[in-house]
Amino acid sequence: MGTCEHLTTAGDPSATTPEGCQECLREGRRWVHLRRCLSCGHIGCCDSSPGRHATAHYKETGHPVMSSFEPGETWRWCYLDNLMG
């Protein structure tokens, strides 16, 4: 795994909707896997999910790093540098 400034300085905010993807919950949709924004705690669904809300959140906000919000997974992803950490 690589590293970049964004991965090393990412925060650890609480999940805003720990019960699932914020947009999918609102829209009554299902998701595949969940991701947490490490800038604000937004929970969005992965790119394998129909809504792709984690990536949409990045595109809307510019928040560069998200982490898996799946039990037992600890990896993080930087959208700006295309690096996993």
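Everything quoted here is computed from the prediction, not taken from an experiment.

How should I be thinking about the packing of aromatic side chains in this particular structure?
Centre-to-centre distance and the angle between the planes together describe a pair of aromatic rings. Using the criterion set out here, one finds one aromatic pair in the structure. Look at Tyr58 and Tyr79: their rings are 4.5 Å apart centre to centre, the planes differ by 5 degrees, and that puts the pair in the stacked class. With a gap of 21 residues between them, Tyr58 in helix H3 (residues 53–61) and Tyr79 in the loop between strand S4 (76–78) and strand S5 (83–84) connect regions that are remote in the sequence.

Is there a simple way to explain the side chain of Ser68 in this structure?
Locating Ser68 in the fold gives a position in strand S3 (residues 65–68). Owing to a relative accessible area of 8%, Ser68 belongs among the buried residues under this scheme. Within the structure, Ser68 has its side chain in polar contact with the backbone nitrogen of Glu70 (distance 3.2 Å). For Ser68, the side chain forms a polar contact with the side chain of Glu73, separated by 2.5 Å.

How should the environment of His6 be read in this particular structure?
Along the chain, His6 falls in helix H1 (residues 5–9). The class for His6 is partly exposed, based on a relative accessible area of 23%. Between the C-alpha atom of His6 and that of Trp31, which follows or precedes it by 25 residues, the distance is 26 Å. Ignoring any residue separated from it by four or fewer positions in sequence, one finds His6 in contact with Pro64, Val65, Cys78, Leu80 and Asp81. In this structure the side chain of His6 is engaged in a polar contact, spanning 2.8 Å, whose partner is the side chain of Asp81.

I keep staring at the sheet that holds strand S1 (residues 34–37) and nothing clicks. Help me out?
The strands that make up a sheet pair up through hydrogen bonds in the backbone, lying either parallel or antiparallel. Strand order across the open sheet formed by five strands is S2-S1-S3-S4-S5, with antiparallel pairing between neighbours. Looking at the sheet topology across the chains shown, the edges are occupied by strand S2 (43–45) and S5. Together, S1 and S2 form the strand contacts of H3, whose direction differs from that of S2 by roughly 120 degrees.

Conventions we followed
- Residues numbered from 1 in each chain as written.
- Predicted model: local features only at pLDDT ≥ 70, side-chain atom pairs only at ≥ 80, totals over all residues.
- Heavy atoms only, no water.
- Phe/Tyr/Trp six-rings, centres within 6.5 Å; stacked < 30°, edge-to-face > 60°.
- Helix = DSSP H or I, 4+ residues; strand = E, 2+ residues; numbered from the N terminus.
- Buried < 20%, exposed > 50% of the residue type's maximum accessible area, 1.4 Å probe, protein only.
- Polar contact = N/O pair within 3.5 Å; in protein donor to acceptor, adjacent residues only side chain to side chain.
- Contact = heavy atoms within 4.5 Å.
- Pairing = 2+ DSSP bridges.
- Axes fitted to C-alpha atoms, helices over the stretch in contact; angles between N-to-C directions.

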